[in-house]
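Per-entry structural report
Below, each chain spelled out in residue letters.
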Amino acid sequence: LFLYGRIEAASQDKLREHNTPFYCVPFGPDEQDEDKPVLDFQSAAEEAVSFLSGLGFEKMAAVLREKDGPLCRTLHRSMERNKIVFDESLIFEFGEQEPSEVLEILAKTGVKAVVVQDTEIARLIYSCAYARHMNIPGDLSVISFDFGGEGHTFLPELCTLILPHKELAKILWDTVFHMVSTRREQGIEPVGLMFKEGKSTARSTDRHKVKICVIGGVNLDVTFLVDEILGSTETMTIHERSILPGGKAGNQAIGVARLDGAASIISILSNDMDGKNLYNNLAANNVDVSGIGFDNAASTGIAYIFVTKSAEYLIGYYQGTSDSISRKHVEECMDILLSSEYCLLQNSIPDETLLFITRLCRKHGIRIILKPSGYKMLPPEVLEELYMLVPNKTELNQIMPGEGSVGEKAAALIAGGARYVVVTLGEEGCYFTDGKAGKEYPAIDVEPIDTTGASDAFISALAVLLAEGESIDTAIEYATIAAGISTTRLGAQSSLPDRYTLEMYRKKLIGRIS
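Scope of this entry: the structure provided in the associated data block. (Residues numbered from 1 in each chain as written. Predicted model: local features only at pLDDT ≥ 70, side-chain atom pairs only at ≥ 80, totals over all residues. Heavy atoms only, no water.)

Looking at the overall build of the protein chain
Broken down by element type, the protein chain carries 17 helices and 23 strands. With the C-alpha coordinates aligned to their principal axes, the bounding extent of the protein chain is approximately 95 × 50 × 45 Å. By residue count, 52% of the 514 residues in the protein chain fall in the buried class. Considering only contacts within the protein chain whose residues lie at least 6 apart along the sequence, 69% involve residues at least 24 apart. For the protein chain, the exposed surface amounts to about 23800 Å²; the carbon and sulfur share of it is 51%. Across the protein chain, the centroid of the 49 positively charged side chains sits 4 Å from that of the 72 negatively charged ones. (Helix = DSSP H or I, 4+ residues; strand = E, 2+ residues; numbered from the N terminus. Buried < 20%, exposed > 50% of the residue type's maximum accessible area, 1.4 Å probe, protein only. Contact = heavy atoms within 4.5 Å. Areas by Shrake-Rupley, 256 points an atom, 1.4 Å probe, with all protein chains shown as cover. Lys, Arg positive; Asp, Glu negative; His and termini not counted. Charge placed at Lys NZ, Arg CZ, Asp CG, Glu CD.)

A look at the pairing of strand β15 (residues 288-295)
Of the strand pairs in this sheet, strand β14 (residues 262-270) and β15 are connected by six bridges, and their pairing is parallel. When the sheet's bridge partners are listed, I268 is paired in β15 with G293. (Pairing = 2+ DSSP bridges.)

Examining the sheet that holds strand β21 (residues 420-424)
Across the sheet, which stays open at both edges, the nine strands sit in the order β15-β14-β11-β18-β19-β20-β21-β22-β23 with mixed pairing between neighbours. The open sheet has two free edges, formed respectively by β15 and β23 (438-441), since each of these has just one partner strand. Pairing of β21 with strand β22 (residues 430-433), which is carried by four bridges, proceeds in the antiparallel orientation. Along β22, the bridge assignment pairs V423 with Y431. Lying on the sheet, helix α8 (residues 273-284) is in contact with β14 and β15; it crosses β15 at an angle near 175°. (Axes fitted to C-alpha atoms, helices over the stretch in contact; angles between N-to-C directions.)

Examining helix α11 (residues 351-364)
Over its 14 residues, α11 runs 20 Å from end to end, which matches the ideal 20 Å to within 8%, given 1.5 Å per residue. Within the sequence span of α11, burial applies to T353, L354, L355, F356, I357, T358, L360 and C361. Lining the buried residues of α11 we find β11 (211-215), α9 (327-332), α10 (334-338), β18 (342-346), β19 (367-371) and α12 (380-383). Two residues or fewer after α11 comes G365, characterised by a positive phi angle close to 75°. (Expected span 1.5 Å × (residues − 1).)

Remarks on the sheet that holds strand β13 (residues 238-246)
If you walk across this open sheet you meet the four strands as β13-β12-β16-β17, and the pairing is mixed. Two strands bound the open sheet, and with one partner strand each, they are β13 and β17 (313-318). Between one strand and the next, the sheet's axes are offset by a mean angle of 15°, whatever the strand orientation. Here strand β16 (residues 301-308) runs beside β17; their pairing, made up of six bridges, is antiparallel. What sits directly across from Y304, in β17, is G316.

Here you go:
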């Protein structure tokens, strides 16, 4: 018999009484005799720690079945050999603390690498990481022991130390055959675990993230669900009401961060409870908030959004602190802007500030992607400073009134100075032109319930993919998917997809096409 796990001595004696040859096969490090190990966890731990050390990690955590068990001692020895600090406060026992609590501690302590005992724990870590909008491996590198060969089922594929089943089976068979033949027990050489490098680890400096700076207003979104949007002097019945963080700059900054971009924001918030809540929300979503200032006089901006069940909407906007974003404030945050390669901009800020930013970016080679506001005209001189202009059809017609197709008006904007133009067309997708040729991109097939955050999801994905070096064609493809996903959820920021969801949906679409 092959017996798996810990077997009580009384049970072993019973088998011996009946002359039944058996061999105990301990799968976990906490089950086997440290003096006579069957599986070589020491070498496996050494390889895992050495691998993470090679990626530049100087601190790491572990989530284990037993905090004081053999595997913990093994990792301790391996860390010491690799000159990595062993911090007992970063060794967690599964079951004592929830994975979400573990990730919160890692975020506070700046630890970005973790070794886990098995794939069950790894799945929970993955799940909680995505719930917190953390990216694996961008925000957290994960290595797991894998006794069932499940690492390839994770996305991204889990970096694992795999039990070599065939090799172990042969050794165990030979051992038991020897026992049957000679009636004598024999020891075996510990079997090593195989290291399989997946895609759940990255260098401790993180993979290179191009910085994306977002400049504009952050406000509250007060959303009302109504049956239909009526005309003047008519009364609408409101069925649901929600108050959530919003504002195009806030939405886009969080959208960038959720897609694993390095997002920073330059804005002004009201120095009241609403302003502080908006600030904390941005920080909690991994946005660099060092460029935010506070205004003691202005109040928080509010967007009043009426949404129907068919996803039609009407927005009334109170500017609030958006009008306080001055040239002086941008100059005070110059290091944030000049360290960025892309700037996401809206013309809801004062024209003087807008012109200063666009000229500064042009001078320093920072690419501007601008989303025009439907209620405010775009100064003509801004156009020639833009890398990309992304209006919707209504905004396009406001900027370029009169007759003409979408393609003709977009081409006129290129002639006016913009390098590229992408016109978002709702359920019809979008249209791109560089002035020489145009291309239409279809929208993905979804049932929309709220389209208010679609443009911000589109621009966030567009910027991140361009920043990562993808072609404009690929970036627009991703952006179209992100916008579509966002329309299936209520709210603006709550609807912004994370990188995992975006990649999974794209993979699903590619599979359907092929």
